[in-house]
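As a plain string of letters, each chain reads:
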Amino acid sequence: MKVNNAEIVISAVSQKQYPGDRLPEIALAGRSNVGKSSFINKLINRKNLARTSSKPGKTQTLNFYKINEAFYFVDVPGYGYAKVSKKEREKWGVMMEEYFETRETLQAVLLITDVRHEPTNDDIQMYHFLKHYDLRVIIVATKLDKVPKNKRASHVKRTKQAFEMDEADYLLPFSSETGEGKDDAWRLLSQFI
């Protein structure tokens, strides 16, 4: 897909702030600092529409990015090792649960993981949380460029096995550095937007 127009529309913390134009939405979930913003930026050929940070926990709201006036990417707060208070994490949990449970325009969730490492308990818990709400999940195994070519198949297989993936879901090997998987990502996403 050629992206001609991409903009952040709102950083929302509750339902009443979500955009009302009923466009399809693709959410991005993953651990803090796993590369959600880099994934968005690579797909839309922008350096910094979605702000990246070396500091975990930067995304603290639901960030709605409108793409080509046709759909939204929705970046949700990361989970895992962000140095935020327990109270703040609970607030994020409520905000994310409200979004995943109530958003009718949500078509699929991209669960971003790091292919170099076995999925964490948090990753697996998030996958099951999304499946609890009957959401379609695309696991994006990112940082593919950091794994030697002869080891990639085994890393991808390990990721699939760890999640015990539903047959309706996909696993997409991806690199924000090299763009590997970008065309496959758009092919998959076009089914939902």
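Everything that follows concerns the structure shown earlier in this document.
Now for a look at the structure at hand. (Residues numbered from 1 in each chain as written. Predicted model: local features only at pLDDT ≥ 70, side-chain atom pairs only at ≥ 80, totals over all residues. Heavy atoms only, no water.)

**Looking at the sheet that holds strand S3 (residues 62–67)**
Within a beta sheet, neighbouring strands are joined by backbone hydrogen bonds and run either parallel or antiparallel to one another.
So, step 1. Across the sheet, which stays open at both edges, the seven strands sit in the order S1-S3-S4-S2-S5-S6-S7 with mixed pairing between neighbours. Of all the strands in the sheet, the pair left with one neighbour each is strand S1 (6–12) and strand S7 (170–173). The sheet shows a mean angle of 25° between the axes of neighbouring strands, direction not considered.
So, step 2. Relative to strand S5 (residues 106–114), strand S2 (residues 25–30) runs parallel, the two being bridged by six bridges. By the bridge assignment, alanine 27 is partnered in S5 with valine 109. (Pairing = 2+ DSSP bridges. Helix = DSSP H or I, 4+ residues; strand = E, 2+ residues; numbered from the N terminus. Axes fitted to C-alpha atoms, helices over the stretch in contact; angles between N-to-C directions.)

**Describing the environment of isoleucine 193**
So, step 1. Along the chain, the position of isoleucine 193 falls in the segment after helix H5 (182–189).
So, step 2. Considered as a pair, isoleucine 193 and alanine 108 are 85 residues apart in the sequence and their alpha carbons are 9.4 Å apart.
So, step 3. Look past the residues within four positions of isoleucine 193 in its chain and what remains in contact with it is Met1, Pro24, Ile26, Phe71 and Trp186. (Contact = heavy atoms within 4.5 Å.)

**Overview of the packing of aromatic side chains**
So, step 1. As enumerated under the stated definition, the model contains 12 aromatic pairs in all.
So, step 2. A centroid spacing of 6.3 Å and a plane angle of 40° characterise the contact between phenylalanine 73 and tryptophan 186, whose relative ring orientation is tilted. In this pair, phenylalanine 73 is assigned in strand S4 (residues 71–75) and tryptophan 186 in helix H5, connecting sequence segments 113 residues apart. We note that phenylalanine 73, like tryptophan 186, is buried.
So, step 3. Taken together, Tyr18, Phe64, Tyr72, Tyr99, Phe100, Phe129 and Tyr133 form an aromatic cluster joined through their ring pairs. (Phe/Tyr/Trp six-rings, centres within 6.5 Å; stacked < 30°, edge-to-face > 60°. Buried < 20%, exposed > 50% of the residue type's maximum accessible area, 1.4 Å probe, protein only.)

**Some points on the packing of helix H1 (residues 36–43) against H5**
So, step 1. At a minimum axis distance of 10 Å, the contact between H1 and H5 shows a crossing angle of 90°. In terms of orientation, H1 lies roughly perpendicular with respect to H5. Contact residues: H1 offers Phe39, Lys42 and Leu43, while H5 offers Lys182, Ala185, Trp186 and Leu189. (Parallel < 35°, antiparallel > 145°, perpendicular 65-115°, else oblique.)

**A few points about the pairing of S7**
So, step 1. Note that strand S6 (residues 137–142) and S7 share four bridges and pair parallel. Residue pairing for S7: isoleucine 138 is matched across the bridge by tyrosine 170.

**Details of the nonpolar core**
Looking at soluble globular proteins, one finds that nonpolar side chains tend to be buried together.
So, step 1. Ranked by internal contacts, the top residues of the largest apolar core, which has 34 residues, are Tyr99, Phe100 and Leu111.
So, step 2. For this core, the secondary-structure elements that each account for two or more residues are S2, S3, S4, helix H2 (86–102), S5, helix H3 (121–132), S6 and helix H4 (152–163).
So, step 3. Within the second largest apolar cluster, 25 residues are counted, among which are Phe71, Leu110, Ala185 and Leu188. (Core = buried A, V, L, I, M, F, W, Y, C linked by side-chain atoms within 4.5 Å.)

**Details of the side chain of arginine 103**
So, step 1. Inspection of the secondary structure puts arginine 103 in the loop between H2 and S5.
So, step 2. With a relative accessible area of 17%, arginine 103 lands in the buried category.
So, step 3. Here the side chain of arginine 103 touches threonine 105 through a polar contact of 3.2 Å, side chain to side chain.
So, step 4. Leave out the neighbours within four places in its chain, and arginine 103 touches Tyr18, Pro19, Glu25, Phe64 and Glu98. (Polar contact = N/O pair within 3.5 Å; in protein donor to acceptor, adjacent residues only side chain to side chain.)

**Points about the pattern of salt bridges**
So, step 1. Going through the model one piece at a time under the given rule, you end up with 11 salt bridges.
So, step 2. Note that aspartate 75 and lysine 36 form a salt bridge whose closest N and O atoms lie 3.6 Å from each other. Here the residue aspartate 75 occupies a position in strand S4, and lysine 36 occupies one in helix H1, the gap between them amounting to 39 residues.
So, step 3. By relative accessible area, which is 0% here, aspartate 75 ends up buried.
So, step 4. For lysine 36, a relative accessible area of 7% translates into the label buried.
So, step 5. The partner of arginine 152 in a salt bridge is glutamate 180, and the shortest N-O contact between them spans 2.8 Å. Here arginine 152, found in helix H4, pairs with glutamate 180, found in the loop between S7 and H5; they are 28 residues apart in sequence, far enough to count as distant.
So, step 6. Here arginine 152 falls in the buried class, since its relative accessible area comes to 14%.
So, step 7. With relative accessibility at 28%, the residue glutamate 180 sits in the partly exposed group.
So, step 8. One network of salt bridges, with partners in common, ties together Asp21, Lys66 and Glu69. (Salt bridge = Lys/Arg side-chain N within 4 Å of Asp/Glu carboxyl O.)

Nothing here speaks to function; it is all geometry.
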